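# Architecture at a glance
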2 protein chains.
Amino acid sequence: MIIVPRFLINFSYDGTNYNGYQKQKGMKTIQEKMETALTSINNNSFVKLTASGRTDAKVHAINQYAHADIDVNITEYKLMRALNSLLPDDIYVKSTKIVDDNFHSRYDVISKTYIYKINVGSFNPIERNYVYQLCKKLDIKKIREATMLLQGTHDFQNFSSNEHKLKDTVRTVNEIKLIEDGDYLIMTFKSNGFLKYMVRIMVGILIQIGLGKYAPEYINDIFDSKIKTNYKKIAPAQGLYLLNVTY
Amino acid sequence: MIIVPRFLINFSYDGTNYNGYQKQKGMKTIQEKMETALTSINNNSFVKLTASGRTDAKVHAINQYAHADIDVNITEYKLMRALNSLLPDDIYVKSTKIVDDNFHSRYDVISKTYIYKINVGSFNPIERNYVYQLCKKLDIKKIREATMLLQGTHDFQNFSSNEHKLKDTVRTVNEIKLIEDGDYLIMTFKSNGFLKYMVRIMVGILIQIGLGKYAPEYINDIFDSKIKTNYKKIAPAQGLYLLNVTY
């Protein structure tokens, strides 16, 4: 019996120049770059990488996690070094760790945390790919009221793209934090799981509330299906970061 | 007599994808993008732009200033709006102001301030074009001692590229500030003028001192011409920002 170790890989990336995490034919993706590097280390025998979840095009990850089974004999440290020597400089492996064969980077997720950065001051070209340049003042008090309604266990179906009909769209948003830092508003979202576009739709609606277009109670109207979420209000990808995954 | 107003333009740019500020044939430069937009506004009659000074390839500007003479009748606000509608999204005009015909954006500079950002923690791919990823701990006390020797009025010839022999290489560095913020070290340099590569050579040498390769007094040895500056030690462009210009 050959024991093939399973590695959990913790990595970070700048999503600016990628069509998202997930592999798509003819597209530049994070998964494709990672699998190419892993396969090269694995004597060119294909290595599949399974991440905690996908991230959209232009979304960044401060801490993404994925697992892969490697046939060659390699230490955790050497795998990290080998990956970083092969990867482009907008993807960086922070650590690798041998885990139990039953560990699964997606099924075993306990919670995920995303942050979303907004600039309410004047347009900053240097940060255009890293902070959403809203450049309008927001009523933080109203946004805070709305986050109180979003937190907790709800059916978030109306806060998702709803493309793929999922059986279970109930999620628990444990915490939404708002931090004001000069012209920046940084929102943190922690949940046991996020549906497709869920963070960006929540942010998009919170911004509309902060601009005074809707009252905070609009959140409940969306939950109650009284209002079809307007996907044009989805917040842009470049302000979003996968901050952490808890196992 | 036709009076052609002179505009002082305050703008910001992400230098990542440019071969620097100054126009060079066949190269993508900030000056070329700005002059193309200005010329288009000026009914396609060429507008020359004169900046406070050039910035190197990949160097950013939070506040750059330049003057231009425009023949068409246009208000300050409309010129700003027209420029921003024509410029790519990595260059942004913050304001424009009609100034005296004798005003000169380079000759009238009183002082300039640059900042340099260093990450002494682990490599961050998201900031690779905006913060120098040194990823090594620095002895800030020693760097601070060295900055004391750099400040003041000196002949900075040995802290410049020395490509073009300048008559006068005496400059006054009014202030070097060091700010530690978590894994970041931010250095601020204020002077009545900077020679070519001067900030990046100073930073490169301060880093060597912070790594313990040289004692702080090494600064005096360089001033005294005992040591030829090693240009391989020049700090990379991506950590450097033109913060402000005082007139």
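Residues numbered from 1 in each chain as written. Chains lettered and ligands numbered in written order. Predicted model: local features only at pLDDT ≥ 70, side-chain atom pairs only at ≥ 80, totals over all residues. Heavy atoms only, no water.

What follows deals with the pattern of salt bridges. Applying the stated criterion to the full structure yields 15 salt bridges over all chains. Taking the shortest distance from any N to any O, the salt bridge between R128 of chain B and D14 of chain A comes out at 2.7 Å. Residue R128 of chain B is found in the loop between β5 (111-119) and β6 (132-133), and its partner D14 of chain A is found in the loop between β1 (6-13) and α1 (30-41); the two belong to separate chains. When sorted by exposure, R128 of chain B lands in the same class as D14 of chain A, which is buried. Ionic pairing is found between E35 of chain A and K23 of chain A, a salt bridge with its closest N-O pair at 2.6 Å. Note that E35 of chain A is positioned in helix α1 and K23 of chain A in the loop between β1 and α1, a separation of 12 residues in sequence. When its relative accessible area of 39% is taken as the criterion, K23 of chain A is described as partly exposed. Overlapping salt bridges, with partners in common, bring together D14, D89 and D90 of chain A together with R128 of chain B in one network. (Salt bridge = Lys/Arg side-chain N within 4 Å of Asp/Glu carboxyl O. Helix = DSSP H or I, 4+ residues; strand = E, 2+ residues; numbered from the N terminus. Buried < 20%, exposed > 50% of the residue type's maximum accessible area, 1.4 Å probe, protein only.)

To continue, consider the interface of chain B and chain A. Taken together, the contact pairs 17 residues of chain B with 17 residues of chain A. Taking both sides of the interface into account, the surface hidden between chain B and chain A amounts to around 1,500 Å²; carbon and sulfur atoms contribute 64%. Where chain B meets chain A, there are five salt bridges. The interface formed by chain B and chain A holds four residue pairs in polar contact (both at pLDDT 80 or more) in total. At three residues, the largest contribution of residues to the side of chain B that touches chain A is made by strand β3 (residues 60-69) of chain B. Taken together, the residues that form the side of chain B that touches chain A break down as 10 nonpolar, three polar and four charged. (Contact = heavy atoms within 4.5 Å. Buried area = accessible area lost by both parts, 1.4 Å probe. Polar contact = N/O pair within 3.5 Å; in protein donor to acceptor, adjacent residues only side chain to side chain. Nonpolar A, V, L, I, M, F, W, Y, C, P; charged D, E, K, R; others polar.)

All names here are of chain B. A rise of 1.5 Å per residue sets the reference length of helix α4 (residues 198-210), with its 13 residues, at 18 Å; its end C-alpha atoms lie 18 Å apart and thus fit the reference within 8%. By the criterion of burial, α4 is predominantly enclosed, with 13 of the 13 residues buried. Just beyond α4, the residue with positive phi is G212, at close to 85 degrees. (Expected span 1.5 Å × (residues − 1).)

Let us now look at the pairing of strand β8 (residues 170-181) of chain B. Two faces, one strand: in a regular strand the side chains alternate between the faces of the sheet. All names here are of chain B. Pairing geometry for strand β7 (residues 152-155) and β8, over four bridges, is antiparallel. Opposite T153, over in β8, you have T172 as the bridge partner. Pairing between β8 and strand β9 (residues 184-191): eight bridges, direction antiparallel. Its bridge partner being in β9, K177 is matched across the sheet by T188. What sits between β8 and β9 in their antiparallel hairpin is a turn of two residues, with G182 showing a positive phi close to 65 degrees. (Pairing = 2+ DSSP bridges.)

This part takes up the relation of the copies chain B and chain A. With an RMSD of 0.0 Å, the operation that places chain B on chain A is a rotation of 180 degrees combined with a shift of 0.0 Å along the axis. Read as a symmetry element, the transformation amounts to a two-fold axis. Closest to the rotation axis within chain B is the C-alpha of E127 of chain B, separated from it by 5.1 Å. Mapped onto chain A, 100% of the interface residues of chain B again fall at the interface, so both copies present the same surface. (Least-squares fit on C-alpha atoms with pLDDT ≥ 70 in both.)

It is worth spelling out the confidence of the model for chain A at this point. Close reading of the predicted structure is inappropriate where its pLDDT is low. Summing up the model confidence of chain A, the mean pLDDT is 94 and the portion of residues at 70 or higher is 95%. For this predicted complex, the interface confidence score (ipTM) comes to 0.90, while the overall pTM stands at 0.92. (pLDDT = per-residue confidence, 0-100.)

Bringing the packing of aromatic side chains into the picture now. With the rule as written, the count across this model stands at 21 aromatic pairs over all chains. Seen in terms of ring centroids, F159 of chain A and F223 of chain A are 5.0 Å apart; in terms of plane orientation they differ by 55 degrees. Their pairing is tilted. Placement of the pair is F159 of chain A in the loop between β7 (152-155) and β8 (170-181) and F223 of chain A in helix α5 (residues 218-223), with a sequence separation of 64 residues. The class of F159 of chain A is buried, set by a relative accessible area of 0%. Judged by its relative accessible area of 15%, F223 of chain A is buried. Arranged with centres 5.3 Å apart and planes meeting at 75 degrees, the rings of F156 of chain B and F223 of chain B form a pair that is edge-to-face. Here F156 of chain B, found in the loop between β7 and β8, pairs with F223 of chain B, found in helix α5 (residues 218-223); they are 67 residues apart in sequence, far enough to count as distant. Through a chain of ring-to-ring contacts, the aromatic side chains of Y65, F103 and Y247 of chain A assemble into a single cluster. (Phe/Tyr/Trp six-rings, centres within 6.5 Å; stacked < 30°, edge-to-face > 60°.)

Before going further, it helps to examine helix α1 (residues 30-41) of chain B. Residue and element names in this part refer to chain B. Its 12 residues place the ends of α1 17 Å apart at the C-alpha level, agreeing with the 16 Å of an ideal helix rising 1.5 Å per residue. Looking at α1, one finds that the buried residues are I30, Q31, M34, E35, A37, L38, T39 and I41. Of the surrounding secondary structure, the elements contacted by the buried residues of α1 are β1 (6-13), β3, α2 (76-86) and β4 (91-99). Its side-chain oxygen placed 3.2 Å from the backbone nitrogen of E32, T29 serves as the N-cap of α1. N43 sits one or two residues past α1 and shows a positive phi near 55 degrees.

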